[in-house]
Amino acid sequence: MKKYLLISAILLAIASLTFAQKNTTRIELSTDEASETISRHIYGHFSEHLGNCIYGGYWVGYDAPIPNTNGIRNDVVTALRKIGIPNLRWPGGCFADEYHWMDGIGDPAERPKMVNTHWGGVTEDNSFGTHEFLELCNQLDTEPVICGNVGSGTVKEMSQWVEYLNFGGISPMADLRRVNGQDEPWGVKYWGVGNENWGCGGNMTAEFYADQYRRYATYARSYGENRLYKIAGGAGGADYHWTETLMKNIPHHMMQGISLHHYTVDWSNKGSATQFGDSLHFEVLRRCLEVEEVIDRHIAIMDKYDPEKKVALVFDEWGTWYEVEPGTNPGFLFQQNTMRDALVAALTLNYLNEKCDRVKMANIAQTINVLQALIFTDGPEMVLTPTYHVYEMYKVHHDATMIPVDFESPVYRYGDRELDAVSVSASQDKNGRIHLSVVNIDHDTKHPVVINTGELGEDDAVNCRILQSDEINSYNTFGRPDEVVPEPFSKYKIKDGEIRMDIPASSIVVLEISHQEEG
Ligand code: AHR
């Protein structure tokens, strides 16, 4: 009997070992094939005159009791500098095609007011304008990305704005800039020619917009050494005709990028940012993954007209979009941010890394207090969201060389629906360190993985951090800011030159592998 029990136990152990091996995902890195750079601009941001993004988010004014430098909150600047924010798109969004930049310069007391018709119908007093935005970029040490007005502005108005920003000599606009206190041109490089011109930016057809683009872009001049990087207002989601028309009708030397907007949203039922169960967890991640096909199809069109990839795909609005939080202004688009949003951010960034030969810039919407925000503020208080922590953890991919990764994802099954549970991105930085960001979107199953970097030595150092939460809808608040924060993760083993670990349910793991010099 004893002998029988022993044999059974051995057989069971072998069976479970085989099962575990079968269910283990092998992740192979092709370090030798790494060649494309992941532009840090993929990790860009978008801030519009919308709700409390600019006002209250960044801008509190010179006399505010909240600690500030030249009217800009110090806490927010410190937090954003920590994640190395590479660029900031402004002033919209839909707001951009209603914005007349001359209203936002000169003595703030004299600046005309306007109605922000898109966002809550509030009065915009223009106290935050061109000079304030460029002061913000300077404090953040980030590249400005300015979106000009095509929908309701003139060619002359856009042309003059560029001259005001960038011309160093004597000219009406450069002189006006000096009168307003800025002697040197700012040298703004990234220039959007309109926003969503198929919708809030003028309801144009693709053909009409392409012609308009040619006019506006002609007079948006490059001055001196600063070559303007012009971005055509691109498609919304799966509007492939828009991209095809722009690629066909606009000479490629006139545009350095075409934009694309795609939100993770169900427009017929946006749902709550926090009140959701397993099913809506699955559903939002399913919608998030739809972006992969949308990006692929836009890229395929661009490849047809531009096989040398001279025109970039600029994914300058993306993120989750839910119902606003109960009791808040519907026009302010304020929503909470949970671990589910962190997974959306991590999945999307992994995919953008993979497509870095065509995608050269992306901007999550929007940095503070709006949509998939990284930061919330309320008066003097500030809290960092789970999405912020993804950007902090993923900083390691900025300007690193993308390493192709080969693996077959395990399945995330919900009822009769299936998704890939695991997403992986890898890169090598300038110091030779390898980084992997591994995401498990499965809400209740951990997935074992084996990572083969091809060259892991016994002395190599592995560092690992994880973002996870107790509940799938956990989030940070002013009172409890540390509900979802990255932590060190040591539950891995190194064996036969490979790293083995279980990626916990609903988690994001970032590994760093540094090779130690021998001898
Ligand atoms: O990010 C909010 C809005 O979404 C932007 O203003 C617009 O471009 C898009 O429709």
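Residues numbered from 1 in each chain as written. Predicted model: local features only at pLDDT ≥ 70, side-chain atom pairs only at ≥ 80, totals over all residues. Heavy atoms only, no water.

> Describe the overall build of the protein chain, naming the residues involved and giving the relevant values.
Summing up its helical and strand segments, the protein chain has 10 helices and 27 strands in all. A globule of 519 residues ought to have a C-alpha radius of gyration of about 24 Å, and the protein chain, at 24 Å, matches this closely. Look at the contacts in the protein chain between residues 6 or more apart in sequence, and 76% of them connect residues 24 or more apart. As displayed, the protein chain has an accessible area near 21900 Å², and 49% of this comes from carbon and sulfur atoms. (Helix = DSSP H or I, 4+ residues; strand = E, 2+ residues; numbered from the N terminus. Rg over C-alpha atoms; globule rule 2.2 N^0.38 Å. Contact = heavy atoms within 4.5 Å. Areas by Shrake-Rupley, 256 points an atom, 1.4 Å probe, with all protein chains shown as cover.)

> Account for the site of the ligand, with residues named and values stated.
Glu48, Cys94, Glu196, Tyr263 and Glu317 are the nearest of the 13 residues found near the ligand. Asn195 is positioned such that a nitrogen or oxygen atom in its side chain is 3.0 Å from an oxygen atom of the ligand. The protein chains hide 94% of the 280 Å² of surface that the ligand would expose on its own. Looking at the shell around the ligand, its residues break down into six nonpolar, four polar and three charged. (Near = heavy atom within 4 Å. Polar contact = N/O pair within 3.5 Å; in protein donor to acceptor, adjacent residues only side chain to side chain. Nonpolar A, V, L, I, M, F, W, Y, C, P; charged D, E, K, R; others polar.)

> Explain the sheet that holds strand β9 (residues 190-193) to me, and be specific about the residues and the numbers.
The strand order around the closed barrel built from eight strands is β2-β5-β8-β9-β10-β11-β12-β13, with neighbouring strands paired in parallel fashion. Averaged over all pairs of adjacent strands, the angle between their axes in this sheet comes to 30°, without regard to strand direction. Sheet analysis places strand β10 (residues 229-236) next to strand β11 (residues 257-264), joined by four bridges and oriented parallel. The residue bridging Ala232 from the neighbouring strand is Ile258, located in β11. Packing against the sheet, helix α7 (residues 240-249) makes contact with β10 and β11, and its axis sits at approximately 150° to β10. (Pairing = 2+ DSSP bridges. Axes fitted to C-alpha atoms, helices over the stretch in contact; angles between N-to-C directions.)

> Can you lay out the sheet that holds strand β17 (residues 405-406) for me, pointing to particular residues and giving the numbers?
Taken together, the five strands give an open sheet; going across it, the order is β17-β1-β22-β26-β25, and neighbouring strands pair in mixed fashion. Of all the strands in the sheet, just β17 and β25 (492-495) have a single pairing partner and so form its edges. Across four bridges, strand β1 (residues 25-29) lies against strand β22 (residues 447-452) in parallel orientation. Each bridged residue has a counterpart across the sheet, and for Glu28 the counterpart in β22 is Asn452.

> Give me the state of the cysteines: which residues, what numbers.
For the coordinates displayed, the defined rule picks out one disulfide. Linked covalently through their sulfurs, Cys94 and Cys200 form a disulfide whose S-S length is 2.2 Å. Measuring the twist about the S-S bond at about -85°, one finds the Cys94-Cys200 disulfide to be left-handed. Here Cys200 lies in the loop between β9 and α6 (206-219) and Cys94 lies in the loop between β5 (87-90) and β6 (114-116), a separation of 106 residues in the sequence. The class for Cys94 is buried, based on a relative accessible area of 12%. Residue classification places Cys200 among the partly exposed positions, given a relative accessible area of 25%. (Disulfide = S-S within 2.5 Å. Buried < 20%, exposed > 50% of the residue type's maximum accessible area, 1.4 Å probe, protein only.)

> Mind laying out the packing of helix α4 (residues 155-166) against helix α5 (residues 172-179), listing which residues take part and the relevant values?
One way to put it is that α4 packs onto α5 with a least axis distance of 8 Å and a crossing angle of 55°. Considering their axes alone, α4 and α5 lie oblique with respect to each other. Handedness of the crossing formed by α4 with α5: right-handed. Residues Gln160, Glu163, Tyr164, Leu165 and Asn166 of α4 touch α5, and the partners they reach there are Pro172, Met173, Ala174, Leu176 and Arg177. The residue inventory of the contact of α4 with α5, partitioned by class, reads six nonpolar, two polar and two charged. (Parallel < 35°, antiparallel > 145°, perpendicular 65-115°, else oblique. Left-handed = near helix turned anticlockwise from the far one by under 90°.)

> An account of empty space enclosed by the protein is requested, with residue identities and associated values reported.
Think of a ball as big as a water molecule: rolled over the atoms, this probe shows where empty space is left. This model, assessed by the stated rule, comprises three cavities of 30 Å³ or more. Empty space within the largest cavity amounts to approximately 70 Å³. Looking at the largest cavity, it is lined by 15 residues, and the ones nearest its centre are Arg89, Cys147, Gly192, Gly194 and Asp316. When residues of the lining of the largest cavity are traced back to their parent elements, those giving at least two are β8 (143-148), β10 and β11. Looking at which element gives the most residues to the lining of the largest cavity, the answer is β10, with four residues. Among the residues making up the lining of the largest cavity, the classes are represented as five nonpolar, seven polar and three charged. What the second largest cavity holds in volume is close to 50 Å³. Taken together, His262, Tyr263, Thr264, Cys288, Val291, Phe315, Trp318, Gly319, Val344 and Thr348 make up the full set of residues lining the second largest cavity. Of the residues contributing to the lining of the second largest cavity, the split by class is six nonpolar, four polar and no charged. (1 Å grid on protein atoms, 1.4 Å probe; cavity = no way out; pocket = protein on both sides within 12 Å on 5 of 7 lines; lining within 4 Å. Points joined across faces, edges and corners; volume = space filled by probe spheres on them.)

> For unusual backbone geometry, give the residues involved together with the corresponding values.
With an omega of 5°, the peptide bond between Trp90 and Pro91 qualifies as cis. If you trace the backbone, Pro91 turns up in the loop between β5 and β6. Cis geometry marks the peptide bond from Gly92 to Gly93; its omega dihedral reads 15°. Within the element layout of this structure, Gly93 appears in the loop between β5 and β6. A positive phi angle is found at Asn70, which is not glycine, with a value near 55°.

> Now, about helix α3 (residues 130-140): what can you tell me, with residues and values included?
Side chains of residues three or four places apart in an α-helix project in the same direction, reflecting 3.6 residues per turn. The buried count for α3 comes to nine of 11 residues, which makes it a mostly enclosed element. Among all positions in α3, only Thr130, His131, Glu132, Phe133, Leu134, Leu136, Cys137, Gln139 and Leu140 are buried. Immediately beyond the C-terminal end of α3, within one or two residues, lies Asp141, with a positive phi of roughly 55°.

> Got a sec to walk through the nonpolar core? Specific residues and values, please.
Counting residues in hydrophobic clusters, the biggest one holds 142 residues, and the most contacted among them are Trp191, Tyr394, Leu436, Ile508 and Leu511. By residue number, the principal contributor to this core is helix α8 (residues 278-305), which donates 11 residues. Taken together, domain 1 (23-35 + 403-514) and domain 2 (40-398) each give at least three residues to this core, which thus spans both. Val145, Tyr229, Val314 and Met361 belong to the second largest nonpolar core, which has seven residues in total. (Core = buried A, V, L, I, M, F, W, Y, C linked by side-chain atoms within 4.5 Å. Domains from an automatic or database assignment.)

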